[in-house]
Amino acid sequence: MPQSTSSPTVAPPNSVAASTTAPTLGFSTLEHTVSAAELDLSGALPAWLSGSLLRTGPAKFELGGQHMRHWFDGLAMLHRFTIAGGAVSYGNRFLESRSYRAARERGRMAYGEFATDPCRSLFKRVQTLFSPAGLPDNANINVTKLGERYIAMTETPLPVQFDPRTLQAAQVRPYEVPGQLSTAHPHADQASGAMLNYAAKLGPRSSYRFFEVAANGERAGTAKPRVIGSLPVREPAYMHSFGLTERFFVLAEFPLVVNPLALALSGRPYIENYRWKPERGTRFALLDRASGEAVKGFQTDACFAFHHVNAYEDGGEVIVDVCAYPDAGIIEDLYLERLRAGKPVTPATLTRFRLRRADRSVTTERLADADVELPRINYRRCNERPYRYVCGNGSGPSGWIERIVKVDVSDGATLSWSEPGCYPGEPVFVARPDGEREDDGVLLSVVLDAAAGTSLLLALDAADLSELARARVPHHVPFSFHGAFFRS
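*Asks:* Where do I start with the environment of Ala-215 in this structure?
*Replies:* Turning to its location among the elements, Ala-215 is positioned in the loop between β14 (207-213) and β15 (226-232). Here Ala-215 falls in the partly exposed class, since its relative accessible area comes to 24%. Residues Ala-215 and Gly-193, spaced 22 residues apart in sequence, show a C-alpha to C-alpha distance of 5.7 Å. Once residues within four sequence positions are removed from consideration, Ala-215 is found in contact with Leu-146, Gly-147, Ser-192, Gly-193 and Ala-194.

*Asks:* Can you help me understand the state of the cysteines in this one?
*Replies:* Throughout this description, disulfide means a covalent bond between two cysteine sulfur atoms. Within this structure, the stated rule accounts for zero disulfides. Residue Cys-303 stays outside any disulfide, its sulfur separated by 12 Å from that of Cys-323, the closest cysteine.

*Asks:* Help me understand the side chain of Gln-180, please; the structure alone is not making it clear to me.
*Replies:* For Gln-180, the location among the structural elements is in the loop between β10 (160-162) and β11 (181-182). Within the structure, the side chain of Gln-180 is placed 2.8 Å from the backbone nitrogen of Leu-202, a separation counted as a polar contact.

*Asks:* Could you clarify how one ought to interpret the pattern of salt bridges in this entry?
*Replies:* Between side chains of opposite charge, a pair can form when the charged atoms approach closely. The full count for this structure, using the stated rule, is 30 salt bridges. Glu-212 is the partner of Arg-226 in a salt bridge, and the nearest nitrogen-oxygen pair spans 3.3 Å. Linking Arg-226 in strand β15 with Glu-212 in strand β14, this pair joins segments that are 14 residues apart in sequence.

*Asks:* Explain the side chain of Thr-454 here, please?
*Replies:* Within the secondary structure, Thr-454 sits in strand β33 (residues 454-461). A distance of 3.3 Å separates the side chain of Thr-454 from the side chain of Arg-472, its partner in a polar contact.

*Asks:* Explanation requested: the nonpolar core in the structure shown.
*Replies:* One recurring pattern in soluble globular proteins is that nonpolar side chains are buried together. Counting 108 residues, the largest nonpolar core has Trp-71, Tyr-175, Phe-304 and Trp-400 as the members making the most contacts within it. Counting residues per element, this core draws most heavily on strand β23 (residues 317-325), which supplies seven residues. Every residue in contact with Tyr-175, bar those within four places of it in the chain, is listed here: Leu-146, Ile-151, Met-153, Pro-159, Met-195, Phe-211, Val-213, Thr-222 and Ala-223. In terms of nonpolar packing, the next biggest core, distinct from the first, is built from 23 residues, Val-428, Val-446, Ala-459 and Phe-485 among them.

Reading the values: rules and limits
- Residues numbered from 1 in each chain as written.
- Predicted model: local features only at pLDDT ≥ 70, side-chain atom pairs only at ≥ 80, totals over all residues.
- Heavy atoms only, no water.
- Helix = DSSP H or I, 4+ residues; strand = E, 2+ residues; numbered from the N terminus.
- Buried < 20%, exposed > 50% of the residue type's maximum accessible area, 1.4 Å probe, protein only.
- Contact = heavy atoms within 4.5 Å.
- Disulfide = S-S within 2.5 Å.
- Polar contact = N/O pair within 3.5 Å; in protein donor to acceptor, adjacent residues only side chain to side chain.
- Salt bridge = Lys/Arg side-chain N within 4 Å of Asp/Glu carboxyl O.
- Core = buried A, V, L, I, M, F, W, Y, C linked by side-chain atoms within 4.5 Å.

Shape descriptors only; they carry no functional weight alone.
Below, the structure written as structure tokens:
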């Protein structure tokens, strides 16, 4: 197992005590912001590595006397690590979304989040369901790029555009979404660069919709989506991501479902309206990217997943790889009260589903003994196609994420990186320009160093997970979800 050399302790800012234990520290509010600070760097970065790692994630968990209840609820903060000439600079800023601005002005929550909801009248709850005006835009899950626009995303249909240099939010919606729910994990059309995504349209006749937004759409206004295909649904399932092959959208319906009216009428926070119905099993549907026609009828045992890893076609089969859980209990695991108490989180299993189109049969296999979550692949080279390697995070003795793992899906062989007292985030793969191997590149991960009370940017060789360099941040970075590297 590759291990890092020790690095000097750096005192944290006054707002965070160095004695705070991890992983608790990763779930504490960060108020400290930096516009542009050059970081102390140990080791050496590849000369070809030039650009910015942009990340979003929850960073504020208290508003006046209110406390966020779930990890997914914290107000979003953007983080920028810029690499140039072998040096690393850092900046961070709260994402000035409508949700954030309203909370700052009122000193309390104004919009409901994943599992935390302000007291609202029945009228307001109904308005939220049927009008974007009542939906939050706290884009704390992922960042992506549409043409020349940089976008922060969450699961509502309100992405937030921002400036990648200043991290300042633009007060214009980059595109419309044809529904009330969406994902923060869009795909890119390899040929056109268009954004491909999913939305759930809720109402008396709910439906799943797959849509496309052109990369060269309106630059100063809101781009219009093109709906490619639609599937009617009575009780929509919770979906955090979806799969894509060269021919199909891959829809995985895990049996965590909701009655749309309950979202408006129950008075409960969003996710607490969903019900686990394992008798439904897990259902798959394939939607043709050209015609919009659906191939349905694939069903297997109940499970749950946030993240698709990859999907591709293999003769008469469609291969779908996900990070699977036995049930939706992982959502309960991620309530802040449990996380701060140090209760272990259910690990995810790297699972392959083979969908046989001829008879609609589904076979399942586990691809590795190691648990894997927050998965990343060599996307540009391998998405929609057969692939060999996936990198992600794995749990440790604390019951929280303590490792970076790399799995060879051809034989289940695993490499991992870990260091005592360190808690790494999602490893973002950056391919070496003109690299011949699938894993020729660098992994970038934001790691919490519990002993120092601060975080660091870690760079690993993606081939063997040996350490290349690390750059120390002057404060802790709360645990986040996703980010992307954008070349200079």
